[in-house]
Amino acid sequence: MRSFLDDAARRLRANSGALSAMLVIAAMILLALIGPWLNPNHGETLDWLHVAMRPAAQGAHWFGTDRLGRDLYVRTLEGARVSLAVGLVASAVSLLVGIGYGAVAGYLGGRTDHVMMRIIEILSGLPLVFFVIFLTVIFGRSEYLLFLSIGAVGWLTMARIVRGQTLSIRQREYIEAAVASGASSRRIIVKHVIPNLIGPVVVYATLTVPQIIMFESFLSFLGLGIQEPHASLGTLIAEGAGEMEAAPWMLLIPGGFLALLLLCLNIFGDGLRDALDAKER
Amino acid sequence: MNPAATDPMLRIAGLDVRFGPRQVLFDVSFELFAGETVGVVGESGSGKSTLARAILRLIPADKGAILWRGRDLRSCDSSTLQRLRRELQIVFQDPLGSLNPRMTVADTIAEPLRIFEPGLSAGERSVRIGAMLERVGLEAGMADRYPHEFSGGQCQRIGIARAMILSPALLICDEPVSSLDVSVQGQIVNLLLDLQRDAGTALLFISHNLALVRHLSHRILVMYAGRLIEIAARDVVYEKPLHPYTRTLLAAAAGQAEFIATDGAAPLQTGCAYRDRCRYALPLCAARPALEEIDTGHFVACHRARELLS
Amino acid sequence: MTSLLQVAGLTVSFSRPTGSIEAVRQVSLEVEACECLGIVGESGSGKTQVFMAAMGLLASNAAAAGSVRFAGEELLAAPRARLNRVRGSKLAMIFQDPMTSLTPHLTIGTQMAEVLVYHGGLSWGEARGAARRMLARVQVPEPERRLNQYPHELSGGLRQRVMIGMSLLCEPALVIADEPTTALDVTVQAQIIALLRLMRRELGMALVLISHDLGVVAGLADRILVMYAGRIVETAGAVDLFERARHPYTAELLNCIPRLSGPRLDRLPTLAGQPPRPQEIGAGCAFAPRCPRAAERCRVERPELQGDTARQAACHFPLLP
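Residues numbered from 1 in each chain as written. Chains lettered and ligands numbered in written order. Predicted model: local features only at pLDDT ≥ 70, side-chain atom pairs only at ≥ 80, totals over all residues.

On to the overall build of chain B, then. A tally of regular secondary structure across chain B gives 10 helices and 12 strands. Its C-alpha atoms give chain B a radius of gyration of 20 Å, within 12% of the compact-globule value 19 Å for 310 residues. Each principal axis of the C-alpha atoms in chain B carries an extent, and together these give about 65 × 45 × 40 Å. Sequence separation of at least 24 residues holds for 64% of the intrachain contacts in chain B that already meet a minimum separation of 6. (Helix = DSSP H or I, 4+ residues; strand = E, 2+ residues; numbered from the N terminus. Rg over C-alpha atoms; globule rule 2.2 N^0.38 Å. Contact = placed C-beta atoms within 7 Å.)

Here's what the structure looks like:
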């Protein structure tokens, strides 16, 4: 009584690289969530006694401090929280919107598909950063806006992938069987098409998370994203870049954290694809 | 005798199907009566699978009428069509491919019930599914498994269970045993015959296996290059075929080869499609022969059929 | 005199994440020069894997044990260079689906000429000429035109003729045809069988014909081997096998084939159950669960092939005349 997912889970467990990556990601998430409480400092407290100090035990500044004396351990982990939140939320939004849009376009085909794809093409043509700047100017700076704007753009490729998968699934005989059984289009899309899309979609979703985190970091690096006094890994990297020669830890610690996170997400995504792609028997 | 009882349940009239610029079915017309088994034979490119899908409106037809119990399926609205689907069902050639890999056997068989009898409780549905599984020779306990856990023959039984659960009046079988082992084919065919007998279902059995079709059909339709070229009672087709193609087909099935000079050429779109391979071809065959009733119940589309009769 | 092809104790197993499964179990057979051997079996019989092992075409997760000798030379685990000299020239194979076994983006002429250039050392011009002559020989109409066409432009029957022609280019001593007619229409099947018969008469090569279709095999084979669940269960001359099969499986299989003539049946004869998957085979005879003659002994003790060189059956209670 083994379903396809059970088989996939087993293959994933056998892939030590992907498993290690998964554990590291879990560890990083855990650290980001509870890490700051393990340290007496606050991300916004300015410790004038220990300005731009390298990582040390004094004042419990395990990762050192920045130019303003703020503890980097806490700031990095809080920044990681923001980056992860943005990554996960925006990915979830793009996943839901993308799947719904792509499956409908792919299954209905014809004029509907044509129109829906042209919309996607127009939106794809908009320069991403420009779009975000535009929204920021109109709605002011806000983290929710950041989430939404990234998610609003992230669904485009997902929709294309889902549509492509739907086009190939539509040819399968079990879809014909469902039509012959009297199922409505809605039922077919929900019960027959979408469950069979899971493979490539999940893989793409896990690879979208690092892309989105990278994008947010980039925006924040440019000064468009998260604002003071909050931080994301991107803003921390921006600050650290300026202090590269004098205080390299300000760049290396958040940068290393981000790099490790992205690496593990990519490895895990690859492992997921291998697990989901394998033949049944 | 009630005249309505002799009306055909399904009447196809002048059906044309095109895939883009290419025509694949040419003016197909025939009748099917309640409870009978009609075999459809022909080779690749004959259009038999296309015909099956066109009848069920899984693909659109360009011209013609599909009269199911008097109602034209081509002109009725989508909700009527959807309602009528419980009466016309199909079993496909690829046993595993016709089952959704992500759905359990129970869910697959339950689908027609969920669509047409939404009032059933989960318990009642479960009972019906269990009974149907037993009826097709599987065990009720297998309901929670997934298609890839079954063999080809078992998958085909599941497909048949899904098709028959609402006791349709017509079951179209599109090469249902062609992908199965010889020792298993008979099981599936016998199952279909049993279910047909119990539910009074008519069968439209499509196959390229002439020997197989001979044993279960009352009447045979022979197709070539998208055209229906001969219709007759089973014994007549096998013993006294009139159309030259039918004769070639039967000879080949018996192991006699005939060299066909134009093997590989695309089928002709006008006139008699068989004339470039036919040893009896004459200039008059450039005009398309109509399906004529040469003898009672024996229809042939050949200009020289009457000659060949003697 | 040694046989052309000698298979001894061949076992082919596939490693899966769930464990290793044996598709071919201790198979031994011989093919003499110029003879036509038919191999009959259903899914799971292992008939194709025996010859994939001989040709060195097994999948990467497969392992072959035992011995396969062609013209005295051991093929299993032979170095690739030696194998490549033999394959395609002296030992050729024709596959089931000519659409997938011909390279779609190369013309027929290129693919055929390539064989002669590689194996025969001919120039491209000479090879093309030889290819054209071969196409004519296998009754492909307009051979010159076909040389410039791509596989998808030919019908299934023509493609299979091209495959047969390609396999015969280097005048092989043995041709293995794996289900050569299964993907073809019945009218074309009959022609291909006639073609194979003609080629055998003209060139005198040995032919191994693998098929699940006894009718196809009957038209060509001198001797027939019946395989079931990875083992050979019966061997006999073609005529003897059809007249009176010894193994119950062969008899039932013959019985299951629907007849084109003779009395019409209301129910088709069939065997209960289905051919076992490799992992389902227990001790004793693999056919016992489905055999109408099975006794207790059959379930515990696996029968070996018994009989003389002309006829053998692996059964404790064979059907005797």
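There's more to say after this.
A separate point is the nonpolar core. Ranked by internal contacts, the top residues of the largest apolar core, which has 257 residues, are Leu204 of chain B together with Leu174 and Val208 of chain C. Ranked by residue count, the leading element in this core is helix α3 (residues 72-108) of chain A, at 16 residues. The contact partners of Leu204 of chain B, leaving out residues within four places of it in the chain, are Leu32, Val38, Val40, Leu170, Ile172 and Cys173 of chain B. (Core = buried A, V, L, I, M, F, W, Y, C linked by C-beta atoms within 7 Å. Buried ≥ 20, exposed ≤ 12 C-beta atoms within 10 Å, placed from the backbone.)

What follows is about the interface of chain C and chain B. In this complex, chain C contributes 34 residues to the contact, which on the side of chain B involves 32 residues. Those elements that place two or more of their residues in the side of chain C that touches chain B are α7 (156-168), α8 (186-203) and α11 (248-256) of chain C. Per-element accounting of the side of chain C that touches chain B gives the leading share, six residues, to α8 of chain C.

The subject of this paragraph is the interface of chain A and chain B. At the interface, 19 residues of chain A touch 24 residues of chain B. For the side of chain A that touches chain B, the leading source of residues is helix α7 (residues 173-180) of chain A, giving seven residues. Considering only residue class, the side of chain A that touches chain B consists of nine nonpolar, five polar and five charged. (Nonpolar A, V, L, I, M, F, W, Y, C, P; charged D, E, K, R; others polar.)

Moving on, we get to the sheet that holds strand β9 (residues 219-224) of chain B. For sheets, the rule is that strands pair by backbone hydrogen bonds, running either parallel or antiparallel. Residue and element names in this part refer to chain B. Strands sit in the order β6-β7-β8-β3-β9-β10-β12-β11 across an open sheet of eight strands; the sheet is mixed. Of all strands in the sheet, those bounded by a partner on one side alone are β6 (88-91) and β11 (292-295). The average undirected angle you get between the axes of adjacent strands in this sheet is 25°. Bridging between strand β10 (residues 227-233) and strand β12 (residues 298-300) involves two bridges; their strand directions are antiparallel. Bridge assignment links Glu230 to a residue of β12, and that residue is Val300. (Pairing = 2+ DSSP bridges. Axes fitted to C-alpha atoms, helices over the stretch in contact; angles between N-to-C directions.)

Residue and element names in this part refer to chain A. On the secondary structure map, Leu126 appears in the loop between α4 (110-125) and α5 (128-139). Judged by local crowding, Leu126 falls into the exposed class, with 12 C-beta atoms found within 10 Å. Remark: the alpha-carbon pair of Leu126 and Gly234, spanning 108 residues in sequence, is separated by 23 Å.

Residues and elements named next belong to chain A. The contact between α3 and α4 brings their axes to 7 Å, and the two run at 140°. Taken together, the axis directions place α3 and α4 in an arrangement best described as oblique. At the point where α3 passes α4, the crossing takes the left-handed sense. Note on element contacts: α4 touches α3 through Gly110, Thr112, Asp113, Met116 and Met117, opposite Tyr101, Ala105, Gly106 and Leu108. A class-by-class count of the residues in the contact of α3 with α4 yields five nonpolar, three polar and one charged. (Parallel < 35°, antiparallel > 145°, perpendicular 65-115°, else oblique. Left-handed = near helix turned anticlockwise from the far one by under 90°.)

All names here are of chain A. Helix α9 (residues 198-222) packs onto α3 with a crossing angle of 135° between their chain directions and a minimal axis gap of 8 Å. With respect to each other, α3 and α9 are oriented oblique. The interaxial crossing formed by α3 with α9 has right-handed handedness. When α3 is examined against α9, the residues Ser83, Val86, Gly87, Leu88, Ala90, Ser91, Ser94, Leu95 and Ile99 are found in contact with a partner set consisting of Val201, Ala205, Thr208, Val209, Ile212, Ile213, Glu216 and Ser217. Class assignment of the residues belonging to the contact of α3 with α9 gives a composition of 10 nonpolar, six polar and one charged.

Residues and elements named next belong to chain C. With nine bridges joining them, strand β1 (residues 5-16) and strand β2 (residues 19-31) adopt antiparallel strand pairing. What sits directly across from Arg16, in β2, is Gly19. The hairpin turn running from β1 into β2, its antiparallel successor, is two residues long. Bridge count between β1 and strand β4 (residues 62-70): eight bridges; the pairing is antiparallel. Counterpart to Thr11 in the pairing with β4 is Ala65.

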